[in-house]
Amino acid sequence: YIYNLLVRYGFSLRLRDVNFAFKLVHRRVLDHVELKSEGSFIDVELLARANRLGFHTVQFGVDYFPRSRGVSTLSSGSVIVKILREMRWLSRELRTIERLPDDERRPPAAQ
């Protein structure tokens, strides 16, 4: 909960669960985003960079089942420290990124 709250306010991402595993991404977004994070923070980086460039995110509800095996690594101290460092780094980096012009964000016209 706290992680999603930090992401929501730190990166202006109005998403319920930024680390939910399933994401469907237009190729246009991937053509303009270079990911540098490793591990759990890569989801935030993808969404924050896309948002900063002016791409829109759509979220919809899916059935979610609690973990039946294993343990989340997000609660480990070393992972939390790494994520906080990456948050600080990304927030600085995002300031240098400018919004793309509308024509670079729109899908090409059908032929």
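Criteria and cut-off values
- Residues numbered from 1 in each chain as written.
- Predicted model: local features only at pLDDT ≥ 70, side-chain atom pairs only at ≥ 80, totals over all residues.
- Heavy atoms only, no water.
- Helix = DSSP H or I, 4+ residues; strand = E, 2+ residues; numbered from the N terminus.
- Buried < 20%, exposed > 50% of the residue type's maximum accessible area, 1.4 Å probe, protein only.
- Areas by Shrake-Rupley, 256 points an atom, 1.4 Å probe, with all protein chains shown as cover.
- Lys, Arg positive; Asp, Glu negative; His and termini not counted.
- Charge placed at Lys NZ, Arg CZ, Asp CG, Glu CD.
- Contact = heavy atoms within 4.5 Å.
- Expected span 1.5 Å × (residues − 1).
- Axes fitted to C-alpha atoms, helices over the stretch in contact; angles between N-to-C directions.
- Parallel < 35°, antiparallel > 145°, perpendicular 65-115°, else oblique.
- Nonpolar A, V, L, I, M, F, W, Y, C, P; charged D, E, K, R; others polar.
- Salt bridge = Lys/Arg side-chain N within 4 Å of Asp/Glu carboxyl O.
- Patch = residues over 30% accessible without salt bridge, like charges linked within 9 Å, V, L, I, M, F, W, Y side chains within 5 Å.

### Quick word on the overall build of the protein
A tally of regular secondary structure across the protein gives five helices and zero strands. Start at the N end of the protein and walk to the C end: the helices and strands fall as α-α-α-α-α. Along the longest, intermediate and shortest principal axes, the C-alpha atoms of the protein span 50 × 35 × 20 Å. Scored against the burial criterion, the 111 residues of the protein give a buried share of 29%. As displayed, the protein has an accessible area near 8600 Å², and 54% of this comes from carbon and sulfur atoms. Side chains of the protein carry 19 positive and 13 negative charges; the gap between the two charge centres is 6 Å.

### Remarks on the side chain of glutamate 86
You can see glutamate 86 is positioned in helix α4 (residues 77-94). Leave out the neighbours within four places in its chain, and glutamate 86 touches Ser37, Glu38 and Phe41.

### Points about unusual backbone geometry
Even without a glycine there, the phi angle at serine 12 is positive, about 55°. Here serine 12 lies in the loop between α1 (2-10) and α2 (27-32). On the basis of relative accessibility, which here comes to 45%, the residue serine 12 falls in the partly exposed class.

### Examining helix α3 (residues 42-53)
When the terminal C-alpha atoms of α3 are compared, their 16 Å separation across 12 residues agrees well with the 16 Å that a helix rising 1.5 Å per residue should span. Most of α3 sits inside the fold, with nine of its 12 residues counted as buried. Among all positions of α3, only Asp43, Val44, Glu45, Leu46, Leu47, Ala48, Arg49, Ala50 and Leu53 are buried. On its buried face, α3 sits against α1, α2, α4 and α5 (102-105). Directly after α3, the chain includes glycine 54, whose backbone phi takes a positive value near 105°.

### Brief notes about the packing of α1 against α4
Contact pair α1 / α4: the axes reach a minimum separation of 12 Å and the direction vectors enclose 5°. Comparing the axis directions of α1 and α4 gives the class roughly parallel. Between α1, through Tyr3, Leu6 and Val7, and α4, the contact on the second element is made entirely by Ile83, Leu84 and Met87. Here the residues of the contact of α1 with α4 are counted per class, giving six nonpolar, no polar and no charged.

### Observations regarding the pattern of salt bridges
Where charged atoms from two side chains of opposite charge come close, those side chains can pair. Evaluation of the coordinates by the stated rule reveals seven salt bridges. In this structure, glutamate 93 engages arginine 49 in a salt bridge whose closest nitrogen and oxygen atoms are separated by 2.9 Å. One end of the pair, glutamate 93, is in helix α4; the other, arginine 49, is in helix α3, and 44 residues separate them in sequence. For aspartate 102, the salt bridge is made with arginine 106, and the minimal N-O distance between the two is 3.7 Å. You can call arginine 106 exposed: its relative accessible area is 52%.

### Let's talk about a positive patch on the surface
A cluster of basic residues, Arg85, Arg88, Arg92 and Arg95, forms a positive patch at the surface. Among the structural elements, arginine 85 can be located in helix α4. Of the residues examined, arginine 85 reaches a relative accessible area of 56% and is grouped as exposed.

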